[in-house]
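Chain by chain, the residues:
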Amino acid sequence: MKIMGFYKSTMLDYPDHIASAIFTRQCNYRCPYCHNGDLVLENSDQWDIDETQVIAHLEKRKDILEGLVISGGEPTLSKGLVPFIEKVKALGMKVKLDTNGTNPEMLQSLIEKNQVDYIAMDVKNSLDKYPETAGVSSIDKANILKSIDLIVHSGIDHEFRTTIIKEFHEKHDIINMAGMIKGAKAYYLQQYEPSEKMLAKGPFHFYTVEEMATFKSAIEQYHYVSKVEIRGRF
Ligand code: SF4
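The rules behind each value
Residues numbered from 1 in each chain as written. Predicted model: local features only at pLDDT ≥ 70, side-chain atom pairs only at ≥ 80, totals over all residues. Heavy atoms only, no water. Helix = DSSP H or I, 4+ residues; strand = E, 2+ residues; numbered from the N terminus. Rg over C-alpha atoms; globule rule 2.2 N^0.38 Å. Buried < 20%, exposed > 50% of the residue type's maximum accessible area, 1.4 Å probe, protein only. Contact = heavy atoms within 4.5 Å. Areas by Shrake-Rupley, 256 points an atom, 1.4 Å probe, with all protein chains shown as cover. Expected span 1.5 Å × (residues − 1). Arc of directions from axis to C-beta. Core = buried A, V, L, I, M, F, W, Y, C linked by side-chain atoms within 4.5 Å. Salt bridge = Lys/Arg side-chain N within 4 Å of Asp/Glu carboxyl O.

Q: Got a minute to help me understand the overall build of the protein chain in this structure?
A: If you tally the helices and strands in the protein chain, you get eight helices and eight strands. For the protein chain, the C-alpha radius of gyration of 17 Å lies close to 17 Å, the compact-globule estimate for 234 residues. Principal axes of the C-alpha set define a box for the protein chain whose edges measure 45 × 40 × 35 Å. Relative to its 234 residues, the protein chain shows a buried fraction of 53%. The contacts in the protein chain between residues at least 6 apart in sequence include a share of 71% that link residues at least 24 apart. Accessible surface for the protein chain amounts to roughly 11100 Å². Of this, 49% is attributable to carbon and sulfur atoms.

What follows is the structure, given as structure tokens:
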């Protein structure tokens, strides 16, 4: 599996768990505001990390670590994902998978085989705005909706999250997205933060904490999801 980033220990990426995190190469989206341009554009081999190094670290620190976060890029594009997860699970580790939801077949297989313990899926925008927000000419909307349905009804811990950007999202989009994930355990509205590694240079703008709070309140009135939280720059 192509691994381009490795955090040996993080308390931020897997809710309520101490975990390691890896970042896989490749993505089938080109979100203009993506912070992981190096991973997405596949323009360098210099950070490739051998998966045996990751497994060895998990084995060595399994008294402290509770799980592994597999992020990207889009991890479900990695051919070696399933055998790699099998090695991680064999150590007794939990696995959290971050995904853009474009590969429901892979998600279904992982869920059915109990190979993931937490799934975090990005919801980019209202379906009609998905292509511009994901930076691609067209998307398979059915796959996005199928992934959402699988995750919501999986019985495993999960979250959906959206990076909210003024140039892409209006209040009605945010309410639409909450409706798309009806029944979900958690929805995180992530405040956009500029980065030098962005795929496009923008300019893009973030909503203030107060504005984000009004979006949160608007969603809560509909009772689509169990929990709405803001992740932000504060
Ligand atoms: S933000 Fe978009 S382009 Fe970047 S890794 Fe996620 S889905 Fe891919």
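Q: How do you make sense of helix 8 (residues 209-220) when you look at a structure like this?
A: Within an α-helix, residues lying three or four positions from one another point in the same direction, as the helix has 3.6 residues per turn. If you check helix 8, its first and last C-alpha atoms are 16 Å apart, about what 12 residues at 1.5 Å a residue would give, namely 16 Å. Turning to helix 8, its buried residues are Met212, Phe215, Ala218 and Ile219. Viewed along the axis of helix 8, the buried residues span an arc of 115°, placing them on a single side of the element. Looking at the buried side of helix 8, the elements it contacts are strand 6 (157-164), helix 7 (171-180), strand 7 (187-191) and strand 8 (228-231).

Q: Help me out: how do you make sense of the nonpolar core in this one?
A: Considering soluble globular proteins, one finds that nonpolar side chains tend to be buried as a cluster. Core analysis: the biggest nonpolar cluster contains 65 residues, and Val54, Ile70, Phe160, Tyr187 and Leu189 have the highest contact counts within it. Beyond its immediate sequence surroundings of up to four residues, Tyr187 is in contact with Phe160, Arg161, Thr162, Ile174, Met177, Ala178, Ile181, Ile219, Val225, Lys227, Val228 and Glu229.

Q: How do you make sense of the pattern of salt bridges when you look at a structure like this?
A: Pairs can form between side chains of opposite charge whenever their charged atoms are close. Tallied over the full model, the rule gives 15 salt bridges. In this structure, the salt-bridge partner of Asp122 is Lys124, at a minimum N-O distance of 3.2 Å. You'll find Asp122 and Lys124 in the same group, each marked buried. The network of salt bridges with common partners includes Lys96, Asp98, Asp122, Lys124, Glu159, Arg161 and Arg231.

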